[in-house]
Amino acid sequence: MASASAETLSNKTTLCRALWIETANRCAIRQESIEPLQADQVLVRTLYSGISRGTESLVLAGKVPQSEFDRMRGPHMEGSFSFPVKYGYSTVGRIEAGPDDLIGKTVFCLHPHQDRFVTTKDMIAVLPEGLPPERGVLAANMETALNIVWDAMIQPGDRVAVFGAGVVGTLVANLSRRIAGTDTVLVDTNTDRRAHAEAMGISFAEAGTLKGEFDVLINASAAGAALSEAIEHAGTEARIIEASWYGDKIISIPLGGAFHSKRLQLISSQVGAVPPARRARWSFGRRMAKALDLLADDSLDHLISGETDFADLAEDYPRILSSQTTLCHRIRY
C-alpha cells in the first residue's frame, strides 16, 4: 500500500498512515485520523524512523511475556502485545503545527512507525544543530547505551568486554573506548560484524577467542552463551552487566565454579530507569539531550544497515527483523 501525505478531511480531522502488527509476523498499513491540536501539543511530519531489531522482533513474533505487557508499553503504543499492536520507538520528524517557537524544528520522539502524528511538547527532543536527521534515528539506542555505561560504572584504565555487536552493544563499546585508558573489546559470534566495529575504531574478537580477565563485562547479545563467557572471563569482584532482554525465553548460566569465590556482581540494566547514583540529577529529558549530543559522530553511520520506503514497510518488516545482517534499519517517509 503506497504511503501518502496526511490529508485534511476538515478543519478538525487529519488523516495519517501507521504500521500495525495485525498478528504474529503479519503487518499492515492502516489509515487513521488525528484529532485537532490541544494547547500543549505539536503536529509532527515524520522524516525517518528506525527499526530496533532486538525488541521489535520479539514484539512481531508475539514473544512479549504477559507479565511484561504493562512495563513494555511504549509512550505512543496502541493496541496490545497480544495483537493487533502499533509499536516502535525511534522517530525523527519536523514540527508542522504547534507553538511558534517550535514550528519547523527537527525533533526526535519515541513513537511507532507513522507518517504524521500528534504528541505533547514534553515528549519531543529538538535535534542539536548540525545533527543529520538520518542519524537521529539512533537516539533511542544511544540513550540505552548511555544508561548501560552508567550502570557498568566503567572507570579509566578498566579492561572492558562487550558481548553483542548489534546497535546497542556497538554503541556501548564506542562509549567505553572513549573513557581514558580503557581497553575495550567488542565480542560477537558473527565475524561479519568485525567490519563495522573496526570501521568505528573498536577492537573486535570472535566469541570463544577472548583471552584474559576483565574488570567490566557487558552482555548486549540476548544470548545465554555470551553471559556464560562473560562470567568465565570476569576477574575477582568484576562487574557483569546483563543488558539483554530475553522476552519469554529462559536461559541457563553457570553460577557454580568460581562465581561465588570471585565475588562476581551480576547486575541488570534497563533504560526505563536512570541508575540510582544519577537519579537525583538526571531527568529523562537531560539523558535524551545527552544521547543526541553523543550522536555527533560520523562513524555512527556504519550502524545504519539498510533503508526502506514507508510504502513498502508492511511487506518488508518481517524480513528486516529476521535478517542477521540488520543493525539499525532506517525507514524513509
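Before reading further, recall that the structure is shown in the block above.
Residues numbered from 1 in each chain as written. Predicted model: local features only at pLDDT ≥ 70, side-chain atom pairs only at ≥ 80, totals over all residues. Heavy atoms only, no water.

K.L.:
Please explain the nonpolar core as it appears in this structure.
P.N.:
The nonpolar side chains of a soluble globular protein tend to be buried, and buried together. Judged by nonpolar contacts, the single largest core of 71 residues is most densely connected at Ile218, Leu292 and Tyr317. The biggest single contributor to this core is helix H3 (residues 139-152), with nine residues. When residues no more than four places from it in sequence are discounted, the contact partners of Tyr317 are Leu19, Ile21, Cys27, Ile51, Glu56, Leu60 and His113. Counting 17 residues, the second-largest nonpolar core is a separate cluster that includes Phe163, Val187, Leu217 and Ile231. (Core = buried A, V, L, I, M, F, W, Y, C linked by side-chain atoms within 4.5 Å. Buried < 20%, exposed > 50% of the residue type's maximum accessible area, 1.4 Å probe, protein only. Helix = DSSP H or I, 4+ residues; strand = E, 2+ residues; numbered from the N terminus. Contact = heavy atoms within 4.5 Å.)

K.L.:
So what exactly am I meant to see when it comes to the pattern of salt bridges here?
P.N.:
Two side chains bearing opposite charge may form a pair once their charged atoms approach each other closely. One pass over the structure, following the stated rule, counts 19 salt bridges. Here Arg178 makes a salt bridge to Asp297, at a shortest N to O gap of 2.6 Å. Pair noted here: Arg178 is in the loop between helix H4 (167-177) and strand S11 (183-188) and Asp297 is in the loop between helix H7 (284-294) and strand S16 (304-309), with a separation of 119 residues, a long-range link. (Salt bridge = Lys/Arg side-chain N within 4 Å of Asp/Glu carboxyl O.)

K.L.:
Could you clarify how one ought to interpret the pairing of strand S17 (residues 328-332) in this entry?
P.N.:
Across a regular strand the side chains alternate sides, sitting on one face of the sheet and then on the other. The buried fraction of S17 is high, at four of five residues. Of the strand pairs in this sheet, S16 and S17 are connected by five bridges, and their pairing is parallel. Across the sheet, residue Glu307 finds its bridge partner in S17, namely Arg330. (Pairing = 2+ DSSP bridges.)

K.L.:
Help me understand the packing of H3 against H7, please; the structure alone is not making it clear to me.
P.N.:
It is at 8 Å that the axes of H3 and H7 come closest, and there the two elements cross at 110°. In terms of their interaxial angle, H3 and H7 are classed as roughly perpendicular. Packed against H3, whose contacting residues are Ala139, Met142, Glu143, Leu146, Asn147 and Trp150, the element H7 presents Phe284, Arg287, Met288, Lys290, Ala291, Leu292 and Leu294 at the interface. (Axes fitted to C-alpha atoms, helices over the stretch in contact; angles between N-to-C directions. Parallel < 35°, antiparallel > 145°, perpendicular 65-115°, else oblique.)

K.L.:
Which parts of the structure should I look at to understand H7?
P.N.:
Note on helix geometry: an α-helix contains 3.6 residues per turn, so any two residues three or four positions apart are oriented the same way. Listing the buried residues of H7 in full gives Arg287, Met288, Ala291 and Leu292. One side of H7 holds all its buried residues, which, seen down the axis, span an arc of 140°. Its buried side turned inward, H7 meets strand S7 (106-109), strand S9 (124-126) and H3. (Arc of directions from axis to C-beta.)

Shape is all these values report; function is a separate question.
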